[in-house]
Amino acid sequence: MNDRMVQVNQMRSDTDLAAELRRLGIGMTVSEARKVVSILGRDPTIVELFIFDIEWSEHCSYKSSRKILKKYFSFEASNVVLGTGEDAGIVDFTSVNGIEYAIVIAHESHNHPSQVLPVEGAATGIGGIVRDVDCMGAHVCAVADGLRFGDPDGTFKPRTRWILNGVVDGIWQYGNALGVPNLAGDVYFDSSFDDNCLVNVVCMGIVPRNRIIRSRVPEGAKTRDFDLILVGKPTDASGFGGVTFASEILDEKEDDRTIGAVQVHDPFLKNILITHKANRMVWDLAFEKGIPIGMKDLGGGGLACASSEICSAGGVGAEIHLDRVHTSMENLPPEVIACGETQERFIFAVPPEFTDSVLNIYNSVWELPKEANGACARVIGRTLRDPRYRLFHNGELVCDAPIHEITSGILYDRESKPLHWEGREPADTRMDITDALSMIMASLNGCSRHPVYRHYDTEVQGCALIRPGEADAGIIVPLFHTHGSRAGIALSVDGNPFIGEIDPYWSGAVAVAEAMRNVVASGAIPRALTDCLNYGNPEKSGAFWQFEQGVRGIADAAVKLWQYDTDREPVPIVSGNVSFYNESALGQAIKPSPIVACAGVIRDAGKAMTLHLKEPGNRIVLIGDRRDEMGGSAYYRTCFKQTGTQSVTVDFERERKDMHAVIALISRNLVRSCHDISDGGLLVCLAEMCLSTRNPPGLGAKLIVPGNITISPERYLFTECGGFLLEIPVSQIELAERIAADFDSESVDLGEVISRPEIHIVQHERTLAQISMTDIHRKWIGILKEYIS
Amino acid sequence: MNQDIISIAVVQYPGTNCEFETSAAVAAAGMNAVVFRWNADPGELSGFDGYVLPGGFSYQDRVRAGAIAAKKRITETLIRQAEQGKPILGICNGAQILIETGMVPGIVWGEIQMALAKNNTGDRMGYHCDWVFIRSEPQDNPGCFNLNCRSGDIIPIPVAHAEGRFTTQSYKLLNDLTRHSQIGFKYCTVSGEIDPDFPVNPSGSVLNIAGLYNTEGNVMAFMPHPERASWMYQVPMDLPGIYGKHRMESHLNQSCFNTPGPGLTIFSSMKQFILNRRKS
């Protein structure tokens, strides 16, 4: 250790040290740098400082959020196979031919990279989350995405449209080439995302329970050293500083640095590694021979992060020779080799006698070096029984630190102070119902998402049973081709961004309720949740309070909307991510945006529901309370340009009973179509049931607004309280009502399906509106096309 | 070789991503499917009765989609097998590979006469994934993959590609294609009309071509994905036409997993062709 040391001790003042850290491109604070010195007992090398910087970044260490997450997310459920803590969470799925299959799911954000380089940012977001799921030994079978963009007609119109199109391109270019279907997602537009878009990605896979690969060095390494093998793309300088970049506010003046921090994707190489190909061959061989292995993907923080975490989790140290890492450029500095975030890489820890087999599979059988320039598998070091993390570069020791100090991170107590919401109620909230519905259905946040998802391959792998646009959740039957199993997995992603500033607690709770409701409406039973918590700067007390409230809301909903058919077992949160510092350089934070994904199981996916009306004469039944909670509603925002004051809430007791009743009704084949009530409220829900992207409007509905409601018809029709509309044949109505009552849920007969494409709304036998679906359809399907080329 | 078993090699190039579901669909049609990796011994290919080049992004679509795979030794071996009359189905990227080899349309031997260009439908370009309808075209001598269709049959099927526009600069070639009845399937409306515009014609393909044969009718470059329409559960419930109705009925009587989908006819035709060939 010599001239590449950073003199932290001797620096005269905090100001000097801060300037030096900045010059080096290190994001940590002065006091954190001094803490590194106290851990090492000496000045750090540049490499060490970069490694601690990454491991202590918000992105890797959750230093602001960990305490809150621990406090609220500590509940458990018996269907969890593996909770948070590794690359992905795992829950039970189904048993087929004596094999217990589990669902693997992970959720991440790639917000900042997508803002500066949309195509690459979004693509590597998909790439990273797919690796997280794959490396658990899973077959990756679906991705989904929650997207938030700025106002494409607003102040930053050209840039916002460029980001929108770039992100969509990045998602399809990567996911389609990889061969993983895009099953679900949502898209919202709001000017608070002008300077900071959100690209949240979810990935799902399946794995036999007895074939899970852990992100830790196996037990055997405590008695003899295991080899560490690096597989994949040659390391380059791309993505250097990516994690630190994710943990800061974006500053346009620093474009060069931030663009360099975005990774470059290679779905082609990834395809050879995953989906039943090279990685699977390694796992199968290991299981066949009974050889213990550990595997982890290289994501944020690159090699240093992955290698230290996989070894530390196994209770061992590591010795890695950076010069043995295959690179695509000459003379890469050791800190770049250690911390760069080059994509499409994995690390294995295997016993030495298995090493040749692994190298052979990648280098010869699948010809990595031949098919992808410079890619290969290589031994780069070994585990150490001594729990130190040692990196060598050209024979010189460039990092030597206690491994658990690197991976245990640091913790902060952040100040939390409530923000007062200064929204207003619109002066007059009456409007012609036809006009209001037309405005909402033709608004950017209310129109069809088909122009976005038509770019995504929703059908590759041949397992898709419900695609985006057909129901509230996507459904796949991933074991049908291999085992003839009809068991399906439903996936939905949700998070209304317009509630958070009115009430951040309810925005968390509503996101969970909506994601679960989507799964329920498709006929599946919610079994797991993941979340990505997108907020502003945690060093600001208001933003931190919003985060804390969101977490509390999510936790309450997950616990109180417990799993169907269980003894009050919460719906477990098995994976998640916190994304802070989502604000513009001018300090304007995004709207608080907890985005929640829900995975559900449907035993016989042949019973899965779509949302389109099926047959004239069937009854339309409402399940779900209509309360006067108009804050953040599409009605207020679109028709009156106001956000309002009373956020939509969740009546947990009622919501749970309603969900469980709907699950029972669908599983007993009483329902012909089902759609959940969320954005836009009951009337938008009904309108969507009349609209298909594949068909001109054909069916409509006669809707009878009950005479005994305590709120105005407009409010009844447009409030966004959760609920369901179900299409039920007349012959089944009595039975359906009885079953709903068994669950202590209330069903209200609201009218019938008619054979004309219109919605006829009546109260007290007086027509309130007669709305042609043909006009609405044209606008609904056409609006977003104009923004996406 | 067992005379009762029909063996199909589903060829896997680096970047192929539809080989497993394609194999499942081949199996569903009653044939035996083997995923055949690009670097396996090409000599072993001669043992198969037919071949499927599945969809994906072989060799990362470098140069042009399908261009690299078309030059590989394994593909040359396939050309020799096709010359013996064995059937080859190229789906999506597989179709792009067949066009790049010149096998399709194959009027002038060894010459690349057409291209699968970028989708272009007026104001729209880029990747498009959705269900469309195709029509089985009248042929003097039905091609291998039309055998189980009647002329005019309408088949709903998904497309998913960014470069699927059959195109050529030669008007004469277009006449020849029609004269030799090399067009197996055309994009059409739900009721079978040929509309050249999006979304009926999802790529802007010339003459609405969805599937195109070589002159012998045993090799077809086919842009849609029959393996994604081989079981009824894969069909969307809001699909217009008779298949949407069938799908809804299958929901009511719980039969969507054991009813064939509209695309299976492509694979069952292939099987029929191989059986016919064995008899003759």
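Refer to the structure presented above.
Read on for a plain summary of the structure. Note that the coordinates shown come from a computational prediction; the quantities given were computed from them, not determined experimentally. (Residues numbered from 1 in each chain as written. Chains lettered and ligands numbered in written order. Predicted model: local features only at pLDDT ≥ 70, side-chain atom pairs only at ≥ 80, totals over all residues. Heavy atoms only, no water.)

**Considering the overall build of chain B**
Helix and strand counts for chain B stand at six helices and 13 strands. Whereas a compact globule of 280 residues would reach a radius of gyration of roughly 19 Å, chain B reaches 17 Å, a difference of no more than 12%. Judged by the C-alpha coordinates and their principal axes, chain B covers about 50 × 45 × 35 Å. In chain B, which comprises 280 residues, the proportion classed as buried is 62%. (Helix = DSSP H or I, 4+ residues; strand = E, 2+ residues; numbered from the N terminus. Rg over C-alpha atoms; globule rule 2.2 N^0.38 Å. Buried < 20%, exposed > 50% of the residue type's maximum accessible area, 1.4 Å probe, protein only.)

**Some words on the overall build of chain A**
The number of helices and strands found in chain A is 28 helices and 26 strands. Since a compact globule built from 789 residues should have a radius of gyration of about 28 Å, the 26 Å found for chain A is in line with a globular shape. Across its three principal axes, chain A shows a C-alpha extent of roughly 90 × 60 × 45 Å. Residue burial in chain A is summarised as follows: out of 789 residues, 69% are buried. Sequence-distant contacts, at least 24 apart, represent 83% of the contacts inside chain A between residues at least 6 apart. As presented, chain A carries roughly 25500 Å² of accessible surface, and 47% of it is formed by carbon and sulfur atoms. A distance of 2 Å separates the average location of the 76 positive side-chain charges in chain A from that of its 105 negative side-chain charges. (Contact = heavy atoms within 4.5 Å. Areas by Shrake-Rupley, 256 points an atom, 1.4 Å probe, with all protein chains shown as cover. Lys, Arg positive; Asp, Glu negative; His and termini not counted. Charge placed at Lys NZ, Arg CZ, Asp CG, Glu CD.)

**Some words on the packing of helix α3 (residues 46-55) of chain A against helix α13 (residues 302-313) of chain A**
Residue and element names in this part refer to chain A. Where α3 contacts α13, the axes come no closer than 10 Å and their chain directions differ by 75°. Considering the angle they form, α3 stands roughly perpendicular to α13. Listed contacts from α13 to Ile51, Ile54 and Glu55 of α3 are Ala304, Cys305, Ser308 and Glu309. Of the residues that constitute the contact of α3 with α13, the class distribution is four nonpolar, one polar and two charged. (Axes fitted to C-alpha atoms, helices over the stretch in contact; angles between N-to-C directions. Parallel < 35°, antiparallel > 145°, perpendicular 65-115°, else oblique. Nonpolar A, V, L, I, M, F, W, Y, C, P; charged D, E, K, R; others polar.)

**Details of the pattern of salt bridges**
This model, assessed by the stated rule, comprises 59 salt bridges over all chains. Note that Glu758 of chain A is salt-bridged to Arg756 of chain A, the shortest N-O span being 3.2 Å. Residue Asp49 of chain B pairs with Arg278 of chain B through a salt bridge whose shortest N-O separation is 3.2 Å. Of this pair, Asp49 of chain B sits in the loop between β2 (32-37) and β3 (50-53) while Arg278 of chain B sits in helix α6 (residues 264-279); the two residues are 229 residues apart in sequence, bridging distant segments of the chain. Connected through shared salt-bridge partners, Glu459, Arg467, Glu470 and Arg694 of chain A together with Asp130 and Asp238 of chain B make up one network. (Salt bridge = Lys/Arg side-chain N within 4 Å of Asp/Glu carboxyl O.)

**Overview of the interface of chain A and chain B**
On the side of chain B, 46 residues touch chain A, which itself brings 53 residues to the contact. For the pair chain A and chain B, the two sides together bury roughly 4200 Å², of which 52% comes from carbon and sulfur. Counting the surface chain A buries against chain B, the share from its top three residues, Phe268, Arg454 and Arg694 of chain A, is 17%. Here chain A is connected to chain B by four salt bridges. (Buried area = accessible area lost by both parts, 1.4 Å probe.)

**Considerations on the pairing of β2 of chain B**
The pairing of strand β1 (residues 7-12) of chain B with β2 of chain B spans six bridges and is parallel. Among the inter-strand pairings, Val10 of chain B is bridged to a residue of β2 of chain B, identified as Val35 of chain B. (Pairing = 2+ DSSP bridges.)

**So, the environment of Gly300 of chain A**
Considering the arrangement of structural elements, one finds Gly300 of chain A in the loop between β8 (294-297) and α13. Put simply, Gly300 of chain A and Gly542 of chain A are 242 residues apart on the chain and 28 Å apart in space, counted from C-alpha to C-alpha.

**Overview of helix α1 (residues 19-28) of chain B**
Of all 10 residues in α1 of chain B, seven are buried, a share of seventy percent or more. Those residues of α1 of chain B not exposed but buried are Glu19, Glu21, Thr22, Ser23, Ala24, Ala25 and Val26 of chain B. In this structure, the buried residues of α1 of chain B make contact with α20 (480-483) of chain A together with β1, β2, β3, β4 (88-91) and α6 of chain B. Trailing α1 of chain B by a residue or two, Gly30 of chain B shows a phi angle of about 90°, which is positive.

**Comments concerning empty space enclosed by the protein**
All names here are of chain A. Evaluated as defined, the whole model comprises 10 cavities of 30 Å³ or more. Reported here for the largest cavity is a volume of approximately 940 Å³. Taken together, 47 residues line the largest cavity, and the ones lying closest to its centre are Gly185, Asp186, Arg449, Asp472 and Glu688. Elements with a minimum of two residues in the lining of the largest cavity: β5 (182-189), α19 (450-453), β16 (488-494), α21 (504-521), α23 (634-640), β21 (673-677) and α25 (681-690). Tallying contributions element by element places β5 first for the lining of the largest cavity, with seven residues. Looking at side-chain class alone, the lining of the largest cavity contains 19 nonpolar, 18 polar and 10 charged residues. (1 Å grid on protein atoms, 1.4 Å probe; cavity = no way out; pocket = protein on both sides within 12 Å on 5 of 7 lines; lining within 4 Å. Points joined across faces, edges and corners; volume = space filled by probe spheres on them.)

**Points about the sheet that holds strand β13 (residues 396-402) of chain A**
Residues and elements named next belong to chain A. Spatially, the seven strands line up as an open sheet ordered β8-β10-β7-β11-β9-β12-β13, and their pairing is mixed. Two strands lie at the open edges of the sheet, namely β8 and β13, each paired on one side alone. Looking at each pair of strands side by side, their axes are set apart by 20° on average, direction ignored. Here strand β7 (residues 227-232) pairs with strand β11 (residues 376-384) via six bridges, running antiparallel. Looking across to β11, one finds that Gly232 is bridged to Cys376.

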